[in-house]
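Architecture at a glance
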Amino acid sequence: MADHKITVGNVEVVSVLDGYSAKRVPTETFPGSTIEGWREYPDILDENHQIQSRYGSVALRSQGKLIIVDTGMQTDPGGRLLDDMKAKGVDREAVDIVFLTHLHPDHVGWNLTDGKPTFPNARYLAPSSDYEYWSQPDVLANAAHVREQVMPLNDLNLMDLVDEEYKITDEITTVSTPGHTPGHFSLIIASSGERAFILGDVAHSPAQAHYTDWNPIFDIQQDISRATRHKVLDHLEAESTLVSSGHFPDPGFGHFVRVEGRRVWKALLEGPGRGLGHQR
């Protein structure tokens, strides 16, 4: 069974799950890819040569704060984030901060439930540049998920817009990683000499470790997304940084490493509760 809890210095990281996407033809989701390339990843393809993404989030405990990073899709049936949090000891009423890496529907789905904040005692943080993009009238008109799951937070005075290098705590800092959406952010965890990186949607599949040029159709700024992915993955590989990726196979912890000249995703297999961040 996969281990869903790790530590990075003094920060506890718990992988939580909202469910899975519908199965898709990989070359339709990644138009620049090839089926021959996908066949190099038998653990990703199912028996019908289709792929499926995990809707993953993480809960962070840092300096007395409980932080949820992204709130899943809240699909019906299948939206199980709250049940999964409860099973893993994460109390939604104890959440202090909800951080949204960007404002796509599979990252904001549980912001509200029946019109009320799902996390009643939390402040919601979002990248100011992403909010600016999604709140443009022509974009907002076609983004029901933003109108229903983001804008009401403003009316309730529960949302704060933040910029790059914003410190959620002294151990968790935002970093701009644009392209998937114009204002997409990732997070850097740095605590007691250890580091980790919350990837967000910089990459959607372990196949992109090697096929880094492959863009999914969901990337809004395709050229910028590709450039960001190369820059970020190159850095994470060079620094041996621990990564948490919400769309990679459960629980989404691992490293980008070089094997025989090829970059690959190496999932983390060590036991729970151990300090696993990269030593600096």
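Right above here is the structure, for reference.
Throughout what follows, the structure given in this document is the object of discussion. Just so we're clear, the structure is a prediction, and the values are computed from it rather than from any experiment. (Residues numbered from 1 in each chain as written. Predicted model: local features only at pLDDT ≥ 70, side-chain atom pairs only at ≥ 80, totals over all residues. Heavy atoms only, no water.)

1. Concerning the pattern of salt bridges
Oppositely charged side chains can form a pair if their charged atoms are brought close together. How we decide: Just to be clear on terms, a salt bridge is a Lys or Arg side-chain nitrogen sitting within 4 Å of an Asp or Glu carboxyl oxygen. Secondary structure counts use DSSP, requiring at least four H or I residues in a row for a helix and at least two E residues in a row for a strand, with both numbered from the N terminus. Relative accessibility thresholds used throughout: buried, under 20% of the residue-type maximum; exposed, over 50%; partly exposed, between the two (1.4 Å probe, protein chains only).
Summed over all chains, the structure comprises 12 salt bridges. Between Asp-223 and Arg-226 there is a salt bridge whose closest N-O contact spans 3.3 Å. Note that Asp-223 and Arg-226 are positioned in helix α9 (residues 222–239) at a spacing of three residues, about one turn of the helix. A residue is classified by how much of its surface remains accessible, and Arg-226, at 25% relative accessible area, is partly exposed. We note a salt bridge from Glu-237 to Arg-263, for which the minimum N-O separation is 3.0 Å.

2. Observations concerning α9
Definition in use: In a helix, the anticipated span is given by 1.5 Å times the number of residues less one. By arc we mean the arc of the directions from the helix axis to the C-beta atoms, nothing more. For this analysis, residues touch if any pair of their heavy atoms sits within 4.5 Å.
Given a rise of 1.5 Å per residue, 18 residues ought to cover 26 Å, and the 26 Å separating the end C-alpha atoms of α9 matches this to within 8%. All of the buried residues in α9 are Ser-225, Thr-228, Arg-229, Val-232, Leu-233, Leu-236 and Glu-237. Buried residues in α9, looked at end-on, bunch into an arc of 150°, giving them a common side. In α9, those exposed residues whose orientation departs by more than 90 degrees from the buried face are Asp-223, Lys-231 and Ala-238. On its buried face, α9 is in contact with β13 (194–198), β14 (242–244), β15 (253–259) and β16 (262–267). A positive phi of about 55° marks Ser-240, the residue just after α9.

3. Description of the nonpolar core
Note the threshold: For the purposes of this section, nonpolar cores are sets of buried Ala, Val, Leu, Ile, Met, Phe, Trp, Tyr and Cys residues that join through side-chain atoms within 4.5 Å.
Core analysis: the largest hydrophobic core is formed by 30 residues, its most contacted members being Ile-68, Met-85, Val-95, Val-98, Leu-103 and Phe-119. Broken down by secondary-structure element, the contributors of at least two residues to this core are β2 (11–20), β4 (65–69), α3 (81–87), β8 (123–127), α5 (128–134), α6 (137–140) and α8 (151–155). Those residues in contact with Val-95, other than ones at most four positions away along the chain, are Leu-66, Ile-68, Met-85, Phe-119, Asn-121 and Ala-122.

4. Describing unusual backbone geometry
Looking along the chain, the bond that leaves Asp-250 and enters Pro-251 is cis, with omega of 5°. Position of Pro-251 relative to the elements: it lies in the loop between β14 and β15. Its identity is not glycine, yet Asn-157 carries a phi of approximately 60°, on the positive side. Turning to its location among the elements, Asn-157 is positioned in the loop between α8 and β9 (159–162).

Geometric descriptors of this kind do not, in isolation, establish any biological role.
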